[in-house]
Amino acid sequence: MTFYSFLLLIHVFSAILGMGPGFVMIYIVNRAKTMTELKHAYLIRNRLHNFVMVGGTLLLLSGLAMGAIRPYLFHMGWYVTSLVLFLIALGFGPVVLSPRSKPIKALLKSHTDDKIPDTYYALAGKLFFYERIENIIFMIIIALMVLKPF
């Protein structure tokens, strides 16, 4: 096995580890019926987010390392487009998602009734809209990586 093949293996495993959990994070919290269930769902969601962060970091580093070993990749449209889309998705976290998740976290800490308040659904709807956009970006990246269309 060459070093490049090893990096490719790390890259694929990182994609599974980093992107896979991200695709189910909305589903996990959408199934909650009570505030107790919702708080537990967000606990699970936060734990999954650790996998997303580690996998995403390894994904970026292994992808850039493969580009450093084979610099012609930086002239391939699918590679450059995937990298740009990944960086956009990476910026979604602190710029778009974090400001929309902070009010939800505050609500989860302060709300004492077991009924999920209507304000949660409004806040979650805004957050999940942007998470779905990010998931679409990741699906485009996966398609580009597999198909290498240009």
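It should be noted that the structure appears before, not after, this text.
To keep things clear, this report deals only with the structure shown in the data block. For clarity, every value in this text was computed on a predicted model and none was experimentally measured.

Criteria and cut-off values
Residues numbered from 1 in each chain as written. Predicted model: local features only at pLDDT ≥ 70, side-chain atom pairs only at ≥ 80, totals over all residues. Heavy atoms only, no water. Patch = residues over 30% accessible without salt bridge, like charges linked within 9 Å, V, L, I, M, F, W, Y side chains within 5 Å. Areas by Shrake-Rupley, 256 points an atom, 1.4 Å probe, with all protein chains shown as cover. Salt bridge = Lys/Arg side-chain N within 4 Å of Asp/Glu carboxyl O. Helix = DSSP H or I, 4+ residues; strand = E, 2+ residues; numbered from the N terminus. Phe/Tyr/Trp six-rings, centres within 6.5 Å; stacked < 30°, edge-to-face > 60°. Buried < 20%, exposed > 50% of the residue type's maximum accessible area, 1.4 Å probe, protein only. Polar contact = N/O pair within 3.5 Å; in protein donor to acceptor, adjacent residues only side chain to side chain. Core = buried A, V, L, I, M, F, W, Y, C linked by side-chain atoms within 4.5 Å. Contact = heavy atoms within 4.5 Å.

A separate point is a nonpolar patch on the surface. On the surface, a cluster of nonpolar side chains totalling about 930 Å² of accessible area is made up of Met-1, Phe-3, Phe-6, Leu-8, Leu-9, Val-12, Phe-13, Ile-16 and Ile-69. In terms of residues, the nonpolar patch owes the most to one element, helix α1 (residues 3–30), which gives 7 residues. Checked against the element boundaries, Phe-13 lands in helix α1.

Here we come to the packing of aromatic side chains. A full pass over the atoms with the stated rule returns 7 aromatic pairs. Measuring from centroid to centroid gives 5.1 Å for Phe-74 and Tyr-79, while their planes differ by 85 degrees, and the two rings are edge-to-face. The buried category is assigned to Tyr-79, whose relative accessible area is 7%. Geometrically, the ring pair formed by Phe-129 and Tyr-130 is edge-to-face, given 5.0 Å between the ring centres and 85 degrees between the ring planes.

All chains considered together, the criterion is met by 1 salt bridge. Across the salt bridge formed by Arg-45 and Glu-131, the nearest N and O atoms sit 2.1 Å from each other. One end of the pair, Arg-45, is in helix α2 (residues 35–69); the other, Glu-131, is in helix α4 (residues 118–147), with 86 residues separating them in the sequence. The buried category is assigned to Arg-45, whose relative accessible area is 6%.

Take the environment of Thr-36 next. Structurally, Thr-36 is set in helix α2. Separated by 2.6 Å, the side chains of Thr-36 and Asp-114 make a polar contact.

So, on to the nonpolar core. Generally speaking, nonpolar side chains in soluble globular proteins are found buried as a group. In terms of nonpolar packing, the biggest core is built from 34 residues, with Leu-38, Tyr-42, Tyr-120 and Phe-128 touching the most fellow members. Taken together, the elements giving at least two residues each to this core come down to α1, α2, α3 (77–110) and α4. The element that contributes the greatest number of residues to this core is α3, accounting for 11 residues. Not counting the four nearest positions on each side in its chain, Tyr-120 is found in contact with Val-29, Leu-38, Tyr-42, Ile-104, Leu-107 and Phe-128.

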